[in-house]
Amino acid sequence: MKHRINHNRIFLCCFGTMLMLFFIGCSGTNKYRQQEEERMAERERQAIAEYNPTKYLIETSLLEEDELTDGRVIFKKPRNSKISKILNDDELPKGDFSYHIEGRSVPWEIIVCSFKDETELTGVEFAEIAGGWKPDWASGLNETVVSVDDESTSEQRIFKRKAQLSGKNINTLIWNFIAVQDQTTEKLCIITAFSSRGTSIPLETILNSLKFYNTVEN
């Protein structure tokens, strides 16, 4: 269940605190300012714990060279790619985003998204998820499923789906859809990619470098 934050209430509290700090600062008192900043930092930590317990669990200090994290998983940045973020929910304390990755010299795109999912992923559920991830612009295209593979292990549930999308006045597109669920951390990572037929895309770079952690950020 996703929790929502009452931003109006938080804004009023912060605004009142700022006024208090202004007047106290004018009188030359800094002790109260420091104490109030510490209290505000503690309230922020509590808000993250209360409203967003399954996100922002990875410390950036864990990242190695060329690695990226959305707070739940870590993966290697593909070479010759352009990286941007897609905001999922701006009401959460630190934001919530997925990664959009594009080829610089060759046209392809990949989206990496992750979230908490305690229910064990099955082949039937994977098919339903894939259907829900089909973009609106592709709804009018003909879809031919090329392959569906279950590469699950004792530690992870891994499903891969490859399909061709075609239509009038459009070149055939390849749609790769991958779901990886880590049994230990109960996190699910979605990797969806679109490319033209015959184009090489760095799916394996992301998939093979994928890491799941439960380290809580301080």
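This text goes with the structure placed above it.
The following refers to the structure shown.

## Looking at the environment of Phe194
No. 1: Of note, Phe194 is situated in strand S9 (residues 187–196).
No. 2: For Phe194, a relative accessible area of 11% corresponds to the buried category.
No. 3: Those residues in contact with Phe194, other than ones at most four positions away along the chain, are Trp108, Glu109, Pro135, Trp137, Leu165, Ile174 and Trp175.

## Examining the environment of Phe126
No. 1: Inspection of the secondary structure puts Phe126 in helix H3 (residues 123–133).
No. 2: Through-space distance from the C-alpha of Phe126 to that of Arg161 is 9.1 Å; in sequence the pair is 35 residues apart.
No. 3: Residue contacts for Phe126: discarding those within four places in its chain leaves Leu121, Val148, Phe159, Lys160, Arg161, Phe177, Ile178 and Ala179.

## Focus: the pairing of strand S6 (residues 142–150)
No. 1: Alignment of S6 against strand S7 (residues 156–167), held across eight bridges, turns out to be antiparallel. Across the sheet, Ser147 pairs through a bridge with Lys162, a residue of S7.
No. 2: Connecting S6 to the antiparallel partner S7 that follows it, the hairpin turn spans five residues.

## Things to note about the nonpolar core
No. 1: One finds Phe75, Ile101, Ile110, Val112 and Ile191 to be the most contacted residues of the largest nonpolar core, which totals 21 residues.
No. 2: Where this core is concerned, the elements lending two or more residues are strand S2 (73–76), strand S4 (97–103), strand S5 (108–116), strand S8 (170–182), S9 and helix H4 (203–208).
No. 3: Setting aside residues no more than four positions away along its own chain, Val112 makes contact with Phe75, Ser98, Tyr99, Ile101, Cys189, Ile190 and Ile206.
No. 4: By size, the runner-up hydrophobic cluster in this structure holds 14 residues, among which are Phe126, Phe159, Trp175 and Ile190.

Criteria and thresholds
Residues numbered from 1 in each chain as written. Predicted model: local features only at pLDDT ≥ 70, side-chain atom pairs only at ≥ 80, totals over all residues. Heavy atoms only, no water. Helix = DSSP H or I, 4+ residues; strand = E, 2+ residues; numbered from the N terminus. Buried < 20%, exposed > 50% of the residue type's maximum accessible area, 1.4 Å probe, protein only. Contact = heavy atoms within 4.5 Å. Pairing = 2+ DSSP bridges. Core = buried A, V, L, I, M, F, W, Y, C linked by side-chain atoms within 4.5 Å.

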